[in-house]
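Fold and contact review
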Amino acid sequence: MSGIPMDRAAYEAEERAATNRLGMWTFLATEVMFFGGMFVAYVLYRSSYPDAFAVGSRTMELGCGTANTAVLLVSSFFMALGDRAARKGDRGALRGCLVLVALLGMAFLAIKGYEYASKVDEGLIPGRGFRYPGPPQLPLFMTLYFAMTGLHALHMILGVCAVAWLLWRSSPRRHQSVPVEPVAIVGLYWHFVDCIWIFLYPLFYLIGR
Amino acid sequence: MNTLPPLAAPPRAEPDYLRRDRSLRSWLCTHDHKRIGVLFLFTLTGFFLLGAIAAAGMRYALLSPQGNLVVSDLYNRLFTMHGVIMIWFFLVPSIPTVFGNFILPMAIGAPDVAFPRLNLASWYVFLAGGVLVLTAIGAGGVDTGWTFYTPYSSTYANGYVMLMASGVFVTGFSSIFTGLNFIVTVHRRRAPGMTWFRLPLFVWAIYATSIILVLATPVLAITLFLMALERGFGVGVFDPRIGGDPLLFQHLFWFYSHPAVYIMILPGMGVVSELLTCFSRKPIFGYRVMAFAILAIAGLGFLVWGHHMFVSSESLYAGLVFSLLSFLVSVPSAIKVFSWTATLHRGSIRLQAPMLYGLGFVALFTIGGLTGVALATLPLDVHLHGTYFVVAHFHYIMVGGMLMAYMGALHYWWPKMTGRLYHDWLARISALTIFLGFNLTFFPQFVLGYLGMPRRYAIYPPEFHTLNVLSTAGASVLGVGYLLPLFYLSWSFFRGRPAGPNPWGATGLEWRTASPPPKDNFEETPVVTEGPYAYRPEEAAP
Amino acid sequence: MSTPAAFLALEQASTVAGKVDLIGGTLLAVSLVVVAGLLAVNLYFIVRYRRGSPAPRPPLQISPGKLEAAWTTGTTLVFLGFFFWGAQLFVRMERPPPGATTIDVAARQWMWDFRQPNGRREFDTLHVPVGVPVRLRMTSEDVIHSFYAPSLRVKQDVVPGKTVSLWFQVTKAGTFTLFCSEFCGSKHAAMVGQIVAEPADRYAAWLAAGNPGSIARRGPALFVRYGCAGCHSPGGSVRAPPLERVYGSEVPVAGGGFVHADEAYLTDSILLPEKVVVAGYQPLMPSFQGVIPPGDLVELVAYLKTLGSASPPPARP
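If you're wondering where the values come from, they're calculated on a predicted model, not measured in any experiment. (Residues numbered from 1 in each chain as written. Chains lettered and ligands numbered in written order. Predicted model: local features only at pLDDT ≥ 70, side-chain atom pairs only at ≥ 80, totals over all residues. Heavy atoms only, no water.)

**Section: the side chain of His307(B)**
Residue and element names in this part refer to chain B.
- Within the secondary structure layout, His 307 lies in the loop between α10 (287–300) and α11 (316–344).
- One polar contact links His 307 to His 308, side chain to side chain, over a distance of 3.3 Å.
- Engagement of the side chain of His 307 in a polar contact is seen with the side chain of Ser 326, the distance being 2.7 Å.
- Not counting residues up to four positions away in its chain, the partners in contact with His 307 are His 258, Phe 322, Ser 326 and Asp 381. (Helix = DSSP H or I, 4+ residues; strand = E, 2+ residues; numbered from the N terminus. Polar contact = N/O pair within 3.5 Å; in protein donor to acceptor, adjacent residues only side chain to side chain. Contact = heavy atoms within 4.5 Å.)

In structure tokens form, the structure reads like this:
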């Protein structure tokens, strides 16, 4: 890192941290490919059936999607602030940020849940119970919508769990030092999940409206 | 494992990894990369035997054109079982999880992998996937073939497709964990002085394989997930009735499964580079080109999946592009074959068992590669696609190539893993038996394929009878070849002569520590001052 | 079966068979030379440089870089040669010549259902004329099958939801085996048929003997039965494009541009009406995917083709 010689413990901690960060980046590469397969399916079918996808897009609740985008962007902002606070050793600010991040994450999931519920009411669940009038390829759009946002929501749930773990980990009673590296690693993951949404939002809510 | 005769253990300052703690718990909760490698060795041997039993059943059925013993439905289940088990539960994990785990950290001078707990998790996840797949097979099996093509798998197939696919899905995470671990280990855990261009080619090969594992496996996972969604909930992603495209499934599937071929062969190439250098006491010919060839194969391997689909009704232009790229991906493989041959030049060659396996790999891989060129040639593929020619081709690569390399690795590193030497002449006989039996089994299948016999046929026209009988006869020889090592290696584990740290006089870092190695591999961290393969042919070998 | 004597040779019964075998044979010869050469060199090294042999082992004189460049370039050039040779033949194999006899094929578990140009139907046996290009227009009713005739060196997957085509020209009379070469379920291995190639005059006689009338014969009835007439007839309840003289024309498309109205267009428009919407019309038509079985679809499309000049198109508003 720097040219200043460090003592052995500091050197090993730095090594460990760099190893963990590389591990997380590699994991995120896997995640990109994981979602990538479905993005390919989306692109292919959208180019084949632009009209059905436009109809599908109009069934989306633009308000909910936009609100969720805002919620996630703000949560990422607080995650970044939390990272900064952890590096400064400011335990109080870190925990405050983490609480906000977790709450915003749960808010996102609540809004998503509301959207899913309204899709059920409208008969937009693909499969045998599909009863929304529209072009025959509309279930294709809805399947991709549920598969992609559902997997994203699963990642959000894991993210909220990870933030809760950080809160426990940074509790003043448990540990002496403020966790710096775990916050950075969970932060990477959180921002990544946020980025996925930044792609999902226009693909499902905006294009073809 | 925990009943070693104590008298054979030489007194040592620190007990080796096998003797440190012999309780079952210490094995099941171990974080030691060596023990995890051994756990994988046992698990994979079990799966290999199961896959081989399925193969034996198929070869027996094909003794008669009307189908011997088994009816079509059973035959279809056998080849699915054989494919799924051999690919995902033997070939994909084989060299990476056993020898990657055991050797790679030592080969770069590290005490362990970067994430030891994740490494153990990888084994448990693998077991979980294995249990799911075995349940599916036990409950009645699946007849889709290992490729799970839709809409057959999603709509028409009977059997436990969901269970089987979820087993493969879960096992994918084991691959990802292992790959991630190796990538980070190679980046962060190299010993002082171990620069990138001092890495043994085995490490390069495992590193490139890991990149493919990490980038390709998730695509398989998502593909099987979408297929299972379609089967389970009737929501067609690939269903032509609502505008879905079955070819999309094939594209996504082969986007994983073609790179998976390189997952299966690259580690073998790495092992063979170690074997040929050690037993000819020569540095590898063209080290850097060999390293870059590995990376080139890994990279180009992502761009050729469409050659599995030349007759699938993909567009003419897609066919032309994928054909051209497939020719290009063969170039680095050809370079490797030439370089291995050149490595032998002016060496000091000993034909011990690992070397025989290494040379067998080069010969069979060359034939597999050249027939692959035939399949990349568009009009030839139109005729040969889906026939026994393809079956023979990929068995030459995967069994002739990868399994030979796996056996070579097992014989090369066995003394390091157990501290014992096996009976060399028996090992040489088994290597020759496998080589002969393999060619007898699969060479007739090239001819069958050219004559037009399609794959996955439980019964077949009588004009193919003679060649099928030949092939089955070869398979029984091959079976004997595979059973032999089971006996003499087990015997050597209990009664073999102590091996000493470096029985082959090899140069890798793993040979600088005791056999079996202590828990943290090295008494003190080794410092590397020269490239790999610093052999001199004039040097007297031990 | 067709070729009981075939043990190591497969007969060449189509115009491309010889050309395919020529590439294959050349590649086989090159491969044999390479394998034999490598084997000889390896064996020579193994014997000459065995441990303890007196052979001198001085350092290499030639630079490794030159050797590597030589064999990399050599291999690439040979491979490119085979690629271009194969590619140009493949392009010819993919494009049917004009004037080919068209036969409709429906594949289903586990049979081949053929419909000759005059509507004569046969199962698992396909009669074709010798010396005339034959084009198969194939669709699957369930899973993926693959039409494979080894003696003709042709193969094509038959994918549900698509119409795919394959052509060949048989060069000699005889009976040739037909396989399904894509795994399609329990009786996949029994989905075997035969291709009976006869001289053109005998084929014509065979065809005439079983003439059930034109393939488009049932068209008008189907046109009414599936409700097409409700919208596409002049007095229809909903405004839909008239279908007379559509086949072979350039149809203006909503959003600009034209599409050539070939069979694929007609089929697609019935199954996937959303895909291409005719300019000036609303996308109101439902999909007939799963409603009209492929057999009927073939007849319906054949009927639409006959509407070419049957009556002058009604005046457009």
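Structure's up, so let's keep going.
**Here's the deal with the interface of chain A and chain C**
- Contact residues are listed per partner, giving 7 residues for chain A and 5 residues for chain C.
- Between chain A and chain C lies a buried interface of about 450 Å² when both sides are counted; carbon and sulfur atoms form 60% of it.
- Considering only the side of chain A, the residues that lose the most area to chain C are Asp51(A), Pro136(A) and Gln137(A), jointly responsible for 62% of the buried surface there.
- Counting the contacts that link chain A with chain C gives 0 salt bridges.
- Residue classes in the side of chain A that touches chain C are distributed as 4 nonpolar, 2 polar and 1 charged. (Buried area = accessible area lost by both parts, 1.4 Å probe. Salt bridge = Lys/Arg side-chain N within 4 Å of Asp/Glu carboxyl O. Nonpolar A, V, L, I, M, F, W, Y, C, P; charged D, E, K, R; others polar.)

**Comments concerning the packing of helix α6 (residues 263–271) of chain C against helix α7 (residues 294–306) of chain C**
Residues and elements named next belong to chain C.
- Running from amino to carboxyl end, α6 crosses α7 at an angle of 120°, the nearest separation of the two axes being 10 Å. Considering the angle they form, α6 stands oblique to α7. Crossing of α6 against α7: the hand is right-handed. Side by side, α6 and α7 meet where Glu 263, Leu 266, Thr 267, Ile 270 and Leu 271 of the first sit next to Leu 297, Leu 300, Val 301, Leu 304 and Lys 305 of the second. (Axes fitted to C-alpha atoms, helices over the stretch in contact; angles between N-to-C directions. Parallel < 35°, antiparallel > 145°, perpendicular 65-115°, else oblique. Left-handed = near helix turned anticlockwise from the far one by under 90°.)

**Remarks on the sheet that holds strand β4 (residues 125–129) of chain C**
All names here are of chain C.
- An order of β4-β10-β9-β6-β7 is seen for the 5 strands of this open sheet, with the pairing classed as mixed. Whereas interior strands pair on both sides, the edge strands pair on one side only; in this sheet they are β4 and β7 (154–158). Here the strands of the sheet are splayed against their neighbours by 25° on average, with no regard to which way each runs.
- Pairing between strand β9 (residues 174–180) and strand β10 (residues 193–198): 5 bridges, direction antiparallel. (Pairing = 2+ DSSP bridges.)

**Thoughts on the environment of Phe253(B)**
Residues and elements named next belong to chain B.
- When you line up the elements, Phe 253 lands in helix α9 (residues 246–280).
- Each C-alpha atom, one on Phe 253 and one on Tyr 460, is 29 Å from the other, the two residues being 207 residues apart in sequence.
- Setting aside its immediate chain neighbours within four residues, Phe 253 contacts Trp 88, Trp 146, Thr 147, Leu 220 and Thr 223.

**Points about the state of the cysteines**
All names here are of chain C.
- Overall, the coordinates contain 0 disulfides over all chains when judged by the stated rule.
- Here Cys 228 stays free of any disulfide, with the sulfur of Cys 231 as its closest cysteine sulfur at 8.9 Å.
- Cys 228 sits in the buried class, given a relative accessible area of 12%. (Disulfide = S-S within 2.5 Å. Buried < 20%, exposed > 50% of the residue type's maximum accessible area, 1.4 Å probe, protein only.)

**Here we look at the sheet that holds strand β5 (residues 133–140) of chain C**
Residue and element names in this part refer to chain C.
- Spatially, the 5 strands line up as an open sheet ordered β3-β2-β1-β5-β8, and their pairing is mixed. Edge strands, defined here as strands with exactly one partner in the open sheet, are β3 (121–123) and β8 (164–169). For this sheet, the mean angle separating the axes of adjacent strands, direction not counted, is 25°.
- Bridge analysis of β5 against β8 gives 6 bridges, and the strand direction is antiparallel.

**Some details on the pattern of salt bridges**
- Scanning the entire structure with this criterion turns up 24 salt bridges over all chains.
- With its nearest N and O atoms 2.9 Å apart, the salt bridge here joins Arg188(B) to Glu15(A). Note that Arg188(B) is positioned in helix α7 (residues 161–188) and Glu15(A) in helix α1 (residues 8–48), a pairing that runs across two chains.
- The exposure class of Arg188(B) is partly exposed, given its relative accessible area of 26%.
- For Arg153(C), the salt bridge goes to Asp21(C), with nearest N and O atoms at 2.6 Å. Highlighted residues: Arg153(C) in the loop between β6 (145–149) and β7 and Asp21(C) in helix α1 (residues 17–48), separated in sequence by 132 residues. As far as burial versus exposure is concerned, Arg153(C) and Asp21(C) are alike and both buried.

**Let's talk about the packing of helix α4 (residues 94–107) of chain B against helix α14 (residues 388–418) of chain B**
Residues and elements named next belong to chain B.
- One way to put it is that α4 packs onto α14 with a least axis distance of 11 Å and a crossing angle of 35°. Handedness of the crossing formed by α4 with α14: left-handed. Of α14, the residues touching α4 (which contributes Ser 94, Ile 95, Val 98, Phe 99, Phe 102, Ile 103 and Met 106) are Met 402, Ala 405, Tyr 406, Ala 409, Leu 410, Trp 413, Lys 416 and Met 417.
- For the contact of α4 with α14, a count of residues per class yields 13 nonpolar, 1 polar and 1 charged.

**Side note on the interface of chain B and chain C**
- Taken together, the contacts link 86 residues of chain B with 79 residues of chain C.
- When chain B packs against chain C, the two sides together hide about 6900 Å² of surface, and 71% of this comes from carbon and sulfur.
- It is Arg346(B), Tyr457(B) and Glu463(B) that lose the most area in chain B upon contact with chain C, and together they represent 10% of the buried surface on that side.
- Here chain B is connected to chain C by 1 salt bridge.
- Here Lys162(C) and Asp245(B) are joined by a salt bridge, their closest N and O atoms 3.8 Å apart.
- At the junction of chain B and chain C, the tally comes to 16 residue pairs in polar contact (both at pLDDT 80 or more).
- Among the secondary structure elements, those contributing two or more residues to the side of chain B that touches chain C are α3 (72–91), α6 (152–156), α9, α11, α12 (353–376), α13 (378–384), α15 (424–451) and α16 (465–495) of chain B.
- In terms of residue count, α11(B) provides more of the side of chain B that touches chain C than any other element does, 16 residues in total.

Interpretation in functional terms is not warranted from these geometric data alone.
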